[in-house]
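Below, each chain spelled out in residue letters.
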Amino acid sequence: DEIQDGGGDYFTGHYMVRMDSGINKIEDLKGKVLATNGLGTGVHMSMTALLKRHGLEEKRDYTVIEVPFPAMTAVLKDKKADMMTTTTPFIWAPELQAIGKTLFTNKDAIGTSELSFWAMRDSFIKKNRAAVVDLLEDMLRSIRWYKDPANRKEGIELIAKFMKRPPAAFEQWIFTKKDFYRDPDLLVDLGALQHNVDTMKEIGVIKESMDVKKYADLSMMKEAAARLKK
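Residues numbered from 1 in each chain as written. Predicted model: local features only at pLDDT ≥ 70, side-chain atom pairs only at ≥ 80, totals over all residues. Heavy atoms only, no water.

### Quick notes on the overall build of the protein chain
Reasoning step 1: The number of helices and strands found in the protein chain is 9 helices and 7 strands.
Reasoning step 2: Based on the C-alpha atoms only, the size of the protein chain along its principal axes is roughly 55 × 45 × 25 Å.
Reasoning step 3: When burial is assessed residue by residue, the protein chain has 41% of its 230 residues classed as buried.
Reasoning step 4: For the protein chain, the share of sequence-separated contacts (at least 6 apart) that also reach a separation of at least 24 residues comes to 72%. (Helix = DSSP H or I, 4+ residues; strand = E, 2+ residues; numbered from the N terminus. Buried < 20%, exposed > 50% of the residue type's maximum accessible area, 1.4 Å probe, protein only. Contact = heavy atoms within 4.5 Å.)

Listed below in structure tokens is the structure:
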């Protein structure tokens, strides 16, 4: 597991409208233009699922346009879209906070989302299992180091240098409750993932659902975590 949207009381993606838009409920989006970061993305599917439950169908009842996250605030400000999708860190921009309000969140739409996780071919794992466990141990060590308050200043400086941004751009949110949830042992939430897959079937992204547990093996991650508890 890398990050989960809406895990516990951590950050979840927001769907925002202008404060002066007159849009106060899902049904008010009928006939409107909605901005997502990309068709087929997780946030697009969440939006589609929630609106579908409120009787609104894409193309028939509303129009979706694709806008990169950094450009979302400008699109909403210029009224080129009636609703935008946003995530951290863009949501904390003062300009957006001044004009926008949250209509619903990703968690409102589909609950916790397994937003990012690792997958490997079974044949690769069989050939390289020991090395994979070593890799997972290194990954777990690194994430625990970054999440340790004692390392916060140095960690933010490393991230800022890599991203070529000032440290202040990260201080407000990264590795706090304003950031996405990360499981302490980096274990995938299979229940959340199953719900995500079922939602994909519900809105027609895939024809059939599947039992994700049949394709999951968390034993290597658990082995890596056990090493750090010795």
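### Describing the pattern of salt bridges
Reasoning step 1: All chains considered together, the criterion is met by 17 salt bridges.
Reasoning step 2: Taking the shortest distance from any N to any O, the salt bridge between Lys52 and Glu57 comes out at 3.1 Å.
Reasoning step 3: According to the relative accessible area criterion, Lys52 is partly exposed, its value standing at 31%.
Reasoning step 4: A salt bridge links Arg60 to Asp61, with the nearest nitrogen and oxygen atoms 2.7 Å apart.
Reasoning step 5: In the salt-bridge network here, residues are joined through shared partners; they are Arg129, Asp134, Glu137, Arg141, Glu223 and Arg227. (Salt bridge = Lys/Arg side-chain N within 4 Å of Asp/Glu carboxyl O.)

### Notes on the nonpolar core
Reasoning step 1: The biggest cluster of nonpolar side chains holds 21 residues, and the ones touching the most others in it are Leu29, Met47, Leu51, Met83, Leu103 and Phe104.
Reasoning step 2: Within the residue set of this core, elements represented by two or more residues are β2 (14-18), α1 (42-53), β6 (100-105) and α4 (106-110).
Reasoning step 3: Looking at this core, the element that brings in the most residues is α1, giving 6 residues.
Reasoning step 4: Aside from chain neighbours lying at most four places away, what touches Met83 is Tyr15, Met16, Val17, Leu29, Val33, Leu34, Ala35, Met47, Leu76, Leu103 and Phe104. (Core = buried A, V, L, I, M, F, W, Y, C linked by side-chain atoms within 4.5 Å.)

### Digging into α1
Reasoning step 1: Compared with an ideal rise of 1.5 Å per residue, which puts 12 residues at 16 Å, α1 spans 17 Å between its outermost C-alpha atoms and is within 8% of the ideal.
Reasoning step 2: When you tally the buried positions in α1, you get 9 out of 12 residues, the bulk of the element.
Reasoning step 3: Buried within α1 are the following residues: Val43, His44, Met45, Ser46, Met47, Thr48, Ala49, Leu50 and Leu51.
Reasoning step 4: Note on α1: the residue one or two positions beyond its end, Gly55, has a positive phi of about 85°. (Expected span 1.5 Å × (residues − 1).)

### A closer look at the packing of aromatic side chains
Reasoning step 1: According to the stated counting rule, one finds 8 aromatic pairs in the structure shown.
Reasoning step 2: Three or more aromatic residues link up through ring pairs in this structure, and these residues are Phe11, Trp92 and Phe180.
Reasoning step 3: The ring of Trp92 has Lys178 sitting right over it, with the charged end atom 5.0 Å from the ring centre. (Phe/Tyr/Trp six-rings, centres within 6.5 Å; stacked < 30°, edge-to-face > 60°. Lys NZ or Arg CZ within 6 Å of the ring centre and 35° of its normal.)

### Description of the pairing of strand β4 (residues 63-66)
Reasoning step 1: Sheet analysis places strand β3 (residues 33-36) next to β4, joined by 4 bridges and oriented parallel. Bridging across to β4, Leu34 finds its partner in Val64.
Reasoning step 2: Regarding topology, α1 serves as the crossover connection from β3 to the parallel β4, and that connection is right-handed. (Pairing = 2+ DSSP bridges. Right-handed = clockwise from strand over helix to strand, strands pointing away.)

### With respect to the environment of Ser116
Reasoning step 1: Following the sequence through the fold, Ser116 ends up in strand β7 (residues 113-116).
Reasoning step 2: Taking the C-alpha atoms as reference, Ser116 lies 24 Å from Lys127; in sequence the two are 11 residues apart.

### Some thoughts on unusual backbone geometry
Reasoning step 1: Cis peptide bonds are those with omega within 30 degrees of zero, and the linkage from Thr88 to Pro89 qualifies with 10°.
Reasoning step 2: Topologically, Pro89 is positioned in the loop between β5 (83-86) and α3 (94-99).
Reasoning step 3: For Lys79, which is not glycine, the phi torsion reads 60° and is therefore positive.
Reasoning step 4: When you line up the elements, Lys79 lands in the loop between α2 (72-77) and β5.
Reasoning step 5: On the basis of relative accessibility, which here comes to 58%, the residue Lys79 falls in the exposed class.

### Notes on helix α9 (residues 219-228)
Turn by turn, an α-helix covers 3.6 residues, leaving residues three or four places apart pointing in a common direction.
Reasoning step 1: Looking only at α9, the buried set comprises Met220, Met221, Ala224 and Ala225. Seen end-on, α9 carries its buried residues on one side only, within an arc spanning 135°.
Reasoning step 2: Check the buried side of α9 and you find it contacts α5 (122-147). (Arc of directions from axis to C-beta.)

### Notes on the packing of α5 against α9
Reasoning step 1: Direction vectors running N to C along α5 and α9 enclose 50°, while the axes themselves pass 8 Å from each other. Here α5 lies oblique to α9, going by the angle between them. As α5 runs across α9, the sense of the crossing is right-handed. Together, Ile125, Arg129, Val132, Val133, Asp134, Leu136, Glu137, Leu140, Arg141 and Arg144 of α5 and Ser219, Met220, Met221, Glu223, Ala224, Ala225, Arg227 and Leu228 of α9 make up the contact between the two elements.
Reasoning step 2: Among the residues making up the contact of α5 with α9, the classes are represented as 10 nonpolar, 1 polar and 7 charged. (Axes fitted to C-alpha atoms, helices over the stretch in contact; angles between N-to-C directions. Parallel < 35°, antiparallel > 145°, perpendicular 65-115°, else oblique. Left-handed = near helix turned anticlockwise from the far one by under 90°. Nonpolar A, V, L, I, M, F, W, Y, C, P; charged D, E, K, R; others polar.)

The analysis is restricted to geometry; functional conclusions fall outside its scope.
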